[in-house]
Amino acid sequence: MLRVTIDNITTEVDEGTTILNAARKIGGKIVPPAMCYYSKLKGSGGKCRTCLVKVIHSSELDPRPLPKLVPSCSTLVQNGMVVANITSDEVLKERKAIVEFLLINHPLDCPVCDQAGECDLQNLSYEHGLEETRYEEDRREFAPQDFGDKIKLHMNRCILCYRCVYVAEQITNERVHGVLYRGDVSEISTFVENFIENDFSGNIIDVCPVGALTDKTFRFKNRVWFTKAMDAHRHCEECAGKVVLWMFGSEIYRVTGRKDQYGELEDFICNECRFEKKNLSDWEVEGPRDIKRTSVISQNHYGKLTKQSIIKPIEGKTEPQE
Ligand code: SF4
Ligand code: FES
């Protein structure tokens, strides 16, 4: 085991653990934000720089500090390493600069974006962003693109984290999209207008940290904070069938995978569960999903929400509860 201290808290981790995962083992506010790393996707990380930390002591053998901030998602822990995240002014200042950089081309269209309320970049901007932009140049602009009949790409919002590319490569059996070109003309696109029609392609919507990839069956139908999130499952031959139903009254507006505290999917779900099963009778409802109190989604009336208040209207016993 290797001993590492992050923001004055010491823990022990296995060899090969990254600083980010060591911080996640400790938990709480010292965990650096991650916009491109995704623990279930091999090769992810190292693109967005939101997870930068300061290494104050490299290791027991070499106590010198590292000269620059390092991405915690791709830097391995050494025995005796001492790291600063929220206890370092330099890291916090740099994180502010990274957020400003990510927002250079990202439109501030949260009022009309379907990801609003559950967008990692929106949350990061509230925590670390500047109050106004200093950017005076022209922003990149791309026309929205359809990825088949269920997924829409708004390239203007993409931060090029590559998560969707890794999902296509590792979770589906045929990747037909990727990052084209280099530098500030880079864009996510399908090769020669191929549609993403794989059974697991819908997962690219869930891993996208911003509103670049959205569910066309849900777009503009409702704001996420007006819906009720219910855990549910069904027997599915293709995936674990464990999902979250986003409901309004007794109607299912959207089906997504279940995400953990770091916004990562617990299980990838298939397109049949995601797009085709929108009747309550398709699902065994488990109960209301636990949503962080700090999330805008928890603006719901959870006090009154029970499994019965969702199920009964279907049986015609009471009016739907909203
Ligand atoms: S579309 Fe979303 S998931 Fe894909 S690279 Fe852009 S921001 Fe990342
Ligand atoms: S999460 Fe580490 S660089 Fe993006």
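This is a predicted model, so every value here is computed, not measured. (Residues numbered from 1 in each chain as written. Chains lettered and ligands numbered in written order. Predicted model: local features only at pLDDT ≥ 70, side-chain atom pairs only at ≥ 80, totals over all residues.)

As a further point, take the domain arrangement of the protein chain. Taken domain by domain, the protein chain comprises domain 1 (2-97), domain 2 (103-132 + 139-215) and domain 3 (224-314). If you average the C-alpha positions of domain 1 and of domain 3, the two centres end up 33 Å apart. (Domains from an automatic or database assignment.)

Sheet analysis places strand β8 (residues 177-180) next to strand β9 (residues 187-190), joined by 4 bridges and oriented antiparallel. Among the inter-strand pairings, V179 is bridged to a residue of β9, identified as I188. The loop that links β8 with its antiparallel partner β9 comprises 6 residues; one of these, Y181, has a positive phi angle of about 65°. (Pairing = 2+ DSSP bridges. Helix = DSSP H or I, 4+ residues; strand = E, 2+ residues; numbered from the N terminus.)

Moving on, we get to the site of ligand 1. Taken together, 14 residues are adjacent to ligand 1, and C158, C161, C164, C208 and A212 come closest. Partitioned by chemical class, the residues of the shell around ligand 1 number 13 nonpolar, no polar and 1 charged. (Near = placed C-beta within 6 Å. Nonpolar A, V, L, I, M, F, W, Y, C, P; charged D, E, K, R; others polar.)

Before going further, it helps to examine the pairing of strand β5 (residues 81-84). Relative to β5, strand β1 (residues 2-6) is paired through 3 bridges, and the arrangement is parallel. Counterpart to V4 in the pairing with β5 is M81. Where strand β3 (residues 52-57) and β5 come together, 3 bridges link them in antiparallel fashion. Along β5, the bridge assignment pairs H57 with V82.

Another point: the environment of V207. With respect to the helices and strands, the residue V207 is situated in helix α5 (residues 203-207). Separated by 46 residues in sequence, V207 and Y253 have C-alpha atoms that sit 19 Å apart. For V207, the residues in contact, after removing those within four places along its chain, are Y38, R163, C164, V167 and L265. (Contact = placed C-beta atoms within 7 Å.)

The geometry of helix α2 (residues 89-102) relative to helix α3 (residues 120-128) is characterised by a closest axis approach of 10 Å and an angle of 135° between their N-to-C directions. When the axis of α2 is compared with that of α3, the two are oblique. Remark: the crossing between α2 and α3 carries left-handed chirality. Of α3, the residues touching α2 (which contributes R95, K96, V99 and L102) are L121, L124, S125 and H128. (Axes fitted to C-alpha atoms, helices over the stretch in contact; angles between N-to-C directions. Parallel < 35°, antiparallel > 145°, perpendicular 65-115°, else oblique. Left-handed = near helix turned anticlockwise from the far one by under 90°.)

Within the largest apolar cluster, 53 residues are counted, with the highest numbers of intra-cluster contacts made by V53, V83, I159, C164, I204, C208 and L213. When residues in this core are grouped by element, the largest group, 5 residues, is from helix α4 (residues 163-170). Here this core spans two domains, and each of domain 1 (2-97) and domain 2 (103-132 + 139-215) adds at least three residues to it. Apart from the residues lying within four places of it in its own chain, the contact partners of C208 are R163, C164 and L213. Among the nonpolar cores identified, the runner-up in size contains 17 residues, and F200, V243, I269 and C270 belong to it. (Core = buried A, V, L, I, M, F, W, Y, C linked by C-beta atoms within 7 Å. Buried ≥ 20, exposed ≤ 12 C-beta atoms within 10 Å, placed from the backbone.)

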